[in-house]
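Observations on the model geometry
The residues making up each chain are set out below.
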Amino acid sequence: MTELKAIPLQRKSGNEHFHRDGQAYDFNLLHFWQWSASDLSNNTLRGKLAEFLVVQTLAASGGVRVEWDAYDIKLPNGLTIEVKSASYLQSWFQHRHSTISFDIRPTRSWNPDANNYSGEARRQAHLYVFCLLSHQEKSTFDPTDLKQWRFYVLQTKILNEQHKAQKQLSLRSLISLNPIECSFADLNEIITDQGNTALITY
């Protein structure tokens, strides 16, 4: 039996057509993406959108998102980043704004080449970027408007010192840890600064 190794990831253009027996159908991956990924207020997709925004500000978007990596982003200098997102608004009917909470639980890293998990649960990345879609009016809600986002950058060592085994973190608790709050325009500079320190101290 042929060894079932991990499938190498390749970046797609969106122009790849579905096909059969060498004949292309008149729909392609872009059509699939438009169909499956247009609801940017969806909880699951918003998390990926937040990762994309962080990747964009770091000019590190040339690769491919890996679903099961131990962390969300790894930069050439070795800095690893975990991205978490939350929003006051959801795509469904709401009686009130959502309570802001971020998932910070320690995890066991997965090795796709060996198909197994590490033994120790820990926070894998050097740095956390908490992305809050802070807009609160549904009539003007637009996740592509970067003015509607706020970002909080925090070194993982602070989470470990203050909330070692905690699984969820409220916005109030996050702010009490004195993260660096910034807009999208300043995010690159803040991550670079905090990341240099985290590489040394984590």
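One structure accompanies this document, and this report is about it. Quick caveat, the model's predicted, so the values are computed rather than measured.

Rules used throughout
Residues numbered from 1 in each chain as written. Predicted model: local features only at pLDDT ≥ 70, side-chain atom pairs only at ≥ 80, totals over all residues. Heavy atoms only, no water. Phe/Tyr/Trp six-rings, centres within 6.5 Å; stacked < 30°, edge-to-face > 60°. Buried < 20%, exposed > 50% of the residue type's maximum accessible area, 1.4 Å probe, protein only. Helix = DSSP H or I, 4+ residues; strand = E, 2+ residues; numbered from the N terminus. Pairing = 2+ DSSP bridges. Contact = heavy atoms within 4.5 Å. Axes fitted to C-alpha atoms, helices over the stretch in contact; angles between N-to-C directions. Core = buried A, V, L, I, M, F, W, Y, C linked by side-chain atoms within 4.5 Å. Expected span 1.5 Å × (residues − 1). Polar contact = N/O pair within 3.5 Å; in protein donor to acceptor, adjacent residues only side chain to side chain.

1. Observations regarding the packing of aromatic side chains
Evaluated as defined, the whole model comprises seven aromatic pairs. For the ring pair Phe 18 and Phe 27, a centre distance of 5.2 Å and an interplane angle of 35 degrees mean the geometry is tilted. Since its relative accessible area comes to 37%, Phe 27 is described here as partly exposed. Seen in terms of ring centroids, Tyr 25 and Phe 27 are 5.6 Å apart; in terms of plane orientation they differ by 40 degrees. Their pairing is tilted. What links up through ring pairs into an aromatic cluster is the set Phe 18, Tyr 25 and Phe 27.

2. Re the environment of Ser 134
Within the secondary structure, Ser 134 is located in the loop between strand 8 (127-133) and strand 9 (149-155). In this structure, the C-alpha to C-alpha distance between Ser 134 and Lys 147, residues 13 residues apart in sequence, is 9.0 Å.

3. Digging into the sheet that holds strand 8
The strands making up a sheet associate through hydrogen bonds between their backbones, and the pairing can be parallel or antiparallel. Taken together, the five strands give an open sheet; going across it, the order is 3-4-8-9-11, and neighbouring strands pair in mixed fashion. Looking along the sheet, the strands with just one partner apiece sit at the ends: strand 3 (73-74) and strand 11 (180-182). Here strand 3 pairs with strand 4 (residues 80-87) via two bridges, running antiparallel. The partner of Ile 73 across the bridge, within strand 4, is Ile 81. In this fold helix 2 (residues 43-57) packs onto strand 3, strand 4, strand 8 and strand 9, with an angle of close to 130 degrees to the strand it touches most, strand 4. Of the strands in this sheet, strand 4, strand 8, strand 9 and strand 11 are in contact with helix 5 (residues 184-201), which crosses strand 9 at around 10 degrees.

4. Some points on the nonpolar core
Within the largest apolar cluster, 26 residues are counted, with the highest numbers of intra-cluster contacts made by Val 54, Ile 81, Val 129, Phe 151 and Ile 191. When residues of this core are traced back to their parent elements, those giving at least two are helix 2, strand 4, strand 8, strand 9 and helix 5. Apart from the residues within four sequence positions on either side, Val 129 is in contact with Val 54, Ile 81, Glu 82, Val 83, Lys 84, Phe 151, Tyr 152, Val 153, Leu 187 and Ile 191. Residues Tyr 128, Tyr 152, Leu 159 and Leu 174 belong to the second largest nonpolar core, which totals 15 residues.

5. Overview of helix 2
A rise of 1.5 Å per residue sets the reference length of helix 2, with its 15 residues, at 21 Å; its end C-alpha atoms lie 22 Å apart and thus fit the reference within 8%. Those residues of helix 2 that sit buried are Leu 45, Arg 46, Gly 47, Leu 49, Ala 50, Glu 51, Leu 53, Val 54, Val 55 and Thr 57. Check the buried side of helix 2 and you find it contacts strand 3, strand 4, strand 8, strand 9 and helix 5. Where helix 2 begins, the side chain of Asn 42 points an oxygen toward the backbone nitrogen of Thr 44, at a separation of 2.9 Å.

6. Some words on unusual backbone geometry
Phi at Asp 21 is positive, roughly 50 degrees, even though this residue is not glycine. Tracing the backbone through its elements, the reader meets Asp 21 in the loop between strand 1 (17-20) and strand 2 (23-28). Assessed through its relative accessible area of 72%, Asp 21 is described here as exposed. Its identity is not glycine, yet Asn 178 carries a phi of approximately 60 degrees, on the positive side. Among the secondary structure elements, Asn 178 is positioned in the loop between helix 4 (171-176) and strand 11.

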